[in-house]
Structure formats: structure tokens, C-alpha cells
Amino acid sequence: MNSKTPQIISTINDLRALTHQWRITGQSSCLVPTMGALHDGHLSLVDLALREADHVVVTIFVNPTQFGPGEDFEAYPRQHETDIAKLASKNADAIFIPEPSEIYAEDFSTEIQVKDLTQMLCGISRPTHFSGVATIVAKLLNMAACDKAVFGEKDFQQLMLIKRIVRDLNINTQIIGAPIIREKDGLAMSSRNQYLSSSERQIAGQLNVQMKKTIAAIKSGDNMQTCLQKAQENLFAAGVDKIDYFEIRTEKGLELAHTNCQTSAARLFAAIHIGKTRLIDNMPV
Ligand code: AMP
């Protein structure tokens, strides 16, 4: 496979200069923001971005402000060399890897709070997470000023939130959602999967099994609440330690679905803990 050496950028000025140069010569660009520790899910976003634009910029930044106290900011895997090699094989044009000081001035004091879409799902167990995400994504979109940006449906609530921010703040970048890439047993790929021991990894496979089973049962007409309850019991029985949520919400607005008969498209959303690892997933119903 042909691979091109991506340009490694660490300053905002260099990032701006690069995308500006493309823009004034009539070439489009697409941004793929990540926190690194790249897997095939991330790489699928790069493939999609390359279909959407002439050039792709991937950002790798473990954003401190989206981690709450006691979360895994310090432990989060950082593996730049491997990430760069993977992105080279995918023909990414540039990789933006800034130091935290490049992103946050010492007296940084502006934060984006999205009132809607943040009071449910991950917003409950991670109350400061989405303002950290909203702020860093708005900053990255602003810095890069790419025509488009790709985000995964793996973080569906985040994707909805980003679309809302872009609309509300008139950010001139088109947001594109990308499907979830899964392991062979159905577990959604995640940088956090590498925290799992082999026995925990076995348990994690049950999440996909129970989600698919729940959706099939609901589709066949079984009572939705009973199905959701049963799946959670099965997850606990399989060794899951804690369930933050396992519920069905509308795609638009993320409103809780109470009955089987919903008019708008809905998704099953799940967040579970296995040992010290928190995993999230979602699937259309
Ligand atoms: P992260 O590095 O976890 O912040 O993720 C960076 C981007 O990759 C986000 O837009 C995620 O939604 C997306 N992503 C993460 N895992 C997957 C996956 N398994 N399939 C597709 N996209 C993913």
C-alpha cells in the first residue's frame, strides 16, 4: 500500500497556514479530531474524510478538560509513534499534535455550555465532560477552519452536541457522522478496550449480545421496559459491575422513549463499567 508521510504540526499558526494554503488554492479539507491510541474505528473516519475532501488533518490531543476528577486522564494511552505510522498508511496529509500549553493559556477562562442534550446519558455520570468536549471541539474547528469534520456515531450524544454547537455558533464546518466499527464479537472499538483484562474482555462482548437481543425482542413486539430490564439483569449476571444507563432515546433531541410506539427514529444507548473500565455503545432500534 502506498503511504505518504504526514506533516506533523504542533502549533496553531502552522495548522492555520496549512489549511489556508489549501483553501486559497481551491482545495478542500476535512478534520478528524481524536485523542490518539488509534484503532480501526478512528482509521475508518480518516477513510471517510478522504472521500469527503482533498486533504485530511487528524488531531491527536488528550483533552484534560473533558476528564472529571478520578477519571483516566493520566492513564489514557498515549502512543504517538504508532499513531503516526497508522495515519501514514491511511494517507492522512497532516497530524496536529499540540502540547496542552498551545491549547490552553494559563488564564484560559472561556467555556461552552450546551444547555440541551447534556442533561442525560453520559452527562449524568460525567457532569463536566460535555462542556470540556464542546469547548475543545469548537476550538479545534476554529483553529483548523476545515470545510468538513468527521465524528463517530460511537459517541452519538457527542455527535449530536457538536452538530448543535456548530449550528448555534455559526461555525463554518460541515459535521459528518461515521458508523461504529466493531471487533469480531461486536464490541465497539475503543481506545479504552485496552484497559480490559482477558476475563473482562470476555464480559465486554456481552454488551453487544444483550443490545442486539433487546432490539430484536422489542421489534418482535415484546414490552420495551421488560426487555431493557431483562438485558440489564443479564449483563450483571455476566459480570458487569455497574450500568450507568441502558435505555432507548430518540435520535433527534435524545428524548427518553417510554413505549414501543415511537414515531421518530430511536436508539438504544448503553454505558457500563467492567472493573475500572467504562464502556459506551449505541445502536439504532
Ligand atoms: P476518541 O479518540 O475516543 O476521542 O475518538 C475520536 C473520534 O473517533 C470520535 O469522533 C469517536 O466517535 C470516533 N470513534 C471512536 N471509536 C469509534 C469506533 N469504534 N467506530 C467509529 N468511530 C469511532
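Residues numbered from 1 in each chain as written. Predicted model: local features only at pLDDT ≥ 70, side-chain atom pairs only at ≥ 80, totals over all residues. Heavy atoms only, no water.

Asks: So what's going on with the site of the ligand? Which residues, and what values?
Replies: Neighbouring the ligand are 16 residues, the closest being M35, G152, D155, I181 and M189. The backbone of G152 places a nitrogen or oxygen atom 2.8 Å from an oxygen atom of the ligand. Contact with the protein chains removes 92% of the 490 Å² of surface that the ligand exposes when unbound. Looking at the shell around the ligand, the elements with two or more residues in it are strand 2 (29–34), helix 2 (40–52) and strand 5 (148–152). (Near = heavy atom within 4 Å. Polar contact = N/O pair within 3.5 Å; in protein donor to acceptor, adjacent residues only side chain to side chain. Areas by Shrake-Rupley, 256 points an atom, 1.4 Å probe, with all protein chains shown as cover. Helix = DSSP H or I, 4+ residues; strand = E, 2+ residues; numbered from the N terminus.)

Asks: I'd like to hear about the environment of S264, residue by residue, with values.
Replies: When you line up the elements, S264 lands in the loop between strand 7 (242–250) and strand 8 (266–274). A residue is classified by how much of its surface remains accessible, and S264, at 35% relative accessible area, is partly exposed. For the pair S264 and T250, spaced 14 residues apart in sequence, the C-alpha to C-alpha distance is 6.5 Å. (Buried < 20%, exposed > 50% of the residue type's maximum accessible area, 1.4 Å probe, protein only.)

Asks: Tell me what's going on with helix 9 (residues 224–238), and back it up with residues and numbers.
Replies: Along its 15 residues, helix 9 runs 21 Å from first to last C-alpha, staying within 8% of the 21 Å computed at 1.5 Å per residue. Those residues of helix 9 that sit buried are M224, C227, L228, A231, Q232 and L235. Projection of helix 9 onto a plane perpendicular to its axis shows the buried side chains occupying an angular sector of 130°, all on one side. Exposed residues lying more than 90 degrees from the buried face of helix 9 are T226 and A237. Next to the buried residues of helix 9 lie helix 8 (198–219), strand 7 and strand 8. Of the residues that open helix 9, the one with a side-chain oxygen 3.1 Å from the backbone nitrogen of Q225 is N223. (Expected span 1.5 Å × (residues − 1). Arc of directions from axis to C-beta. Contact = heavy atoms within 4.5 Å.)

Asks: Account for the side chain of R267, naming residues and giving values.
Replies: As for its position among the elements, R267 is in strand 8. Take R267: its relative accessible area is 6%, and that puts it in the buried class. Within the structure, R267 has its side chain in polar contact with the side chain of N282 (distance 2.6 Å). Setting aside residues up to four positions removed in sequence, R267 forms contacts with E153, F156, E247, I248, R249, E251, N282, M283, P284 and V285.

Asks: Please set out the sheet that holds strand 8 residue by residue, giving values where relevant.
Replies: Pairing in this open sheet of three strands is antiparallel, and the strands run 7-8-9 from one edge to the other. Two strands lie at the open edges of the sheet, namely strand 7 and strand 9 (277–284), each paired on one side alone. Between one strand and the next, the sheet's axes are offset by a mean angle of 10°, whatever the strand orientation. Note that strand 8 and strand 9 share eight bridges and pair antiparallel. Note that in strand 9 the partner of H273 across the bridge is R278. Across the sheet, helix 9 lies against strand 7 and strand 8, angled at about 155° from strand 7, the strand it touches most. (Pairing = 2+ DSSP bridges. Axes fitted to C-alpha atoms, helices over the stretch in contact; angles between N-to-C directions.)

Asks: An account of helix 3 (residues 80–89) is needed here, citing residue identities and associated values.
Replies: Looking only at helix 3, the buried set comprises D83, I84, L87 and A88. Looking straight down helix 3, one finds its buried side chains confined to an arc of 135°; they lie on one side. At the exit of helix 3 stands N91, carrying a positive phi of roughly 65°.

Asks: How would you summarise the sheet that holds strand 3 (residues 55–60) if you had to cite specific residues and measurements?
Replies: Taken together, six strands build an open sheet; the order of strands is 1-4-3-2-5-6 and the sheet is parallel. On the outer flanks of this sheet lie strand 1 (7–9) and strand 6 (174–178), each paired with one strand and no other. Within the sheet, the average angular offset between the axes of one strand and its neighbour, ignoring direction, is 25°. Sheet analysis places strand 5 next to strand 6, joined by five bridges and oriented parallel. The residue bridging V150 from the neighbouring strand is I176, located in strand 6.

Asks: Explain the environment of I280 residue by residue, including any values.
Replies: On the secondary structure map, I280 appears in strand 9. According to the relative accessible area criterion, I280 is buried, its value standing at 17%.

Asks: Account for the packing of helix 6 (residues 129–144) against helix 7 (residues 156–168), naming residues and giving values.
Replies: Running from N to C, helix 6 and helix 7 cross one another at 55°; their axes reach a closest spacing of 10 Å. Regarding the angle of helix 6 to helix 7, the classification is oblique. Handedness of the crossing formed by helix 6 with helix 7: right-handed. Contacts from F130, V133, A134, V137, A138 and L141 of helix 6 reach helix 7 at Q157, Q158, L161, I162, I165 and V166. Of the residues belonging to the contact of helix 6 with helix 7, the class tally is 10 nonpolar, two polar and no charged. (Parallel < 35°, antiparallel > 145°, perpendicular 65-115°, else oblique. Left-handed = near helix turned anticlockwise from the far one by under 90°. Nonpolar A, V, L, I, M, F, W, Y, C, P; charged D, E, K, R; others polar.)

Without other data, these values stay purely geometric and don't point to any function.
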